[in-house]
Amino acid sequence: MNASDRTPADLLRSALAADPARPLVTFYDDATGERVELSVATFANWVAKTANLLQGELSAEPGDRLALLLPAHWQTAVWLLACASVGVTAEVGGDPAGADLVVAGPDTLDAGLACSGERIALSLAPLGRRFPAVPAGYADYAVEVPSQGDRFAPFAPVDPGAPALVVDGTGRSGAQLVEQARADAEALGLAPGARLLSGLGYGDWKGLSTGLYAPLAAGGSVVLCRNLDQLPPESLAKRVESERVTVTEV
């Protein structure tokens, strides 16, 4: 990656410039059998659309706080990079009552209603399907995001020194996040083109770094597995082989 990258959005731009066609996030849900693979270009397109939704439709601004009440999932990764693109602080598992916006999944809709600002709901169903009926008090992400623009430009430059992420009670600026992700990538032995399989959740820094930021910083990719405990050990070994995994963190 580019040594001048100082925000997660910078890392994504560098990945897009280097090789847009290579895989970036391969997602498995072993409770549903879902598999989704997103190239750098496809992932960046989702990020751009989501950032446009944040900035344009939801009127989010740099410094706003977004409570992200989602599990480890490819759409969660999209939201993390969209927040970084706008300059919004993503608070993973944050208190909705103290947030300017909330993004919730099927299991956290009730908790998210404590947010007095804009609320977005994700079904997390395979293929990004809509809810059968829009949850009360929310807008459905799958309804709102498709019409958004495929390119994103922030109204104001994102400050690398501003708060970008809060997880497990610890805040990091964009620059701190990138620095730590690079250090983690080195510790994990990730080189450009590496494939890291992660079965960790997104509830702490280790899970977020392993499941997104470190592979992105290294110029690698992640095989992100949700509900991995439901996969037999022999099937995990086959997945490692078929996905050409070089590093495993479960």
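Residues numbered from 1 in each chain as written. Predicted model: local features only at pLDDT ≥ 70, side-chain atom pairs only at ≥ 80, totals over all residues. Heavy atoms only, no water.

1. Considerations on the packing of aromatic side chains
For step 1, the next point in the chain: On inspection of all chains with the given rule, the structure shows 4 aromatic pairs.
For step 2, the next point in the chain: Each ring, one from W46 and one from W74, has its centre 4.9 Å from the other, and the planes form 80 degrees; the classification is edge-to-face. Here W46 is found in helix α2 (residues 40-57), whereas its partner W74 is found in helix α3 (residues 74-86), with 28 residues between them in sequence.
For step 3, the next point in the chain: Ring geometry for W79 against Y141: centres 5.5 Å apart, planes inclined by 50 degrees, an arrangement best described as tilted. One end of the pair, W79, is in helix α3; the other, Y141, is in helix α5 (residues 141-144), and 62 residues separate them in sequence. (Phe/Tyr/Trp six-rings, centres within 6.5 Å; stacked < 30°, edge-to-face > 60°. Helix = DSSP H or I, 4+ residues; strand = E, 2+ residues; numbered from the N terminus.)

2. A short note on the sheet that holds strand β1 (residues 23-29)
For step 1, the next point in the chain: With mixed pairing, 5 strands are arranged side by side in an open sheet as β2-β1-β11-β10-β12. Looking at strand neighbours, the two that pair on one side only are β2 (34-39) and β12 (247-249), the edges of this open sheet. Strand after strand, the sheet turns through a mean of 15 degrees between neighbouring axes, direction not considered.
For step 2, the next point in the chain: Pairing geometry for strand β10 (residues 195-198) and strand β11 (residues 221-226), over 4 bridges, is parallel. Counterpart to R195 in the pairing with β11 is S221. (Pairing = 2+ DSSP bridges. Axes fitted to C-alpha atoms, helices over the stretch in contact; angles between N-to-C directions.)

3. Re α3
For step 1, the next point in the chain: For α3, built from 13 residues, the straight-helix expectation of 18 Å at 1.5 Å per residue is met to within 8% by its first-to-last C-alpha distance of 19 Å.
For step 2, the next point in the chain: Burial within α3 is extensive, with 13 of its 13 residues counted as buried.
For step 3, the next point in the chain: G87 occupies a position one or two residues after α3 and carries a positive phi of about 100 degrees. (Expected span 1.5 Å × (residues − 1). Buried < 20%, exposed > 50% of the residue type's maximum accessible area, 1.4 Å probe, protein only.)

4. Notes on the pairing of strand β3 (residues 65-69)
For step 1, the next point in the chain: Burial within β3 is extensive, with 4 of its 5 residues counted as buried.
For step 2, the next point in the chain: Bridging between β3 and strand β4 (residues 89-92) involves 4 bridges; their strand directions are parallel. Looking at β4, one finds that L68 is bridged to V92.
For step 3, the next point in the chain: Following the backbone out of β3, through α3 and into the adjacent parallel β4, one traces a crossover that is right-handed.
For step 4, the next point in the chain: When β3 meets strand β5 (residues 101-104), the two strands line up parallel, connected through 4 bridges. (Right-handed = clockwise from strand over helix to strand, strands pointing away.)

5. A word on the side chain of Q148
For step 1, the next point in the chain: Assignment of secondary structure puts Q148 in the loop between α5 and β8 (163-167).
For step 2, the next point in the chain: Apart from the residues lying within four places of it in its own chain, the contact partners of Q148 are K49, N52, L53 and E57. (Contact = heavy atoms within 4.5 Å.)

Shape is all these values report; function is a separate question.
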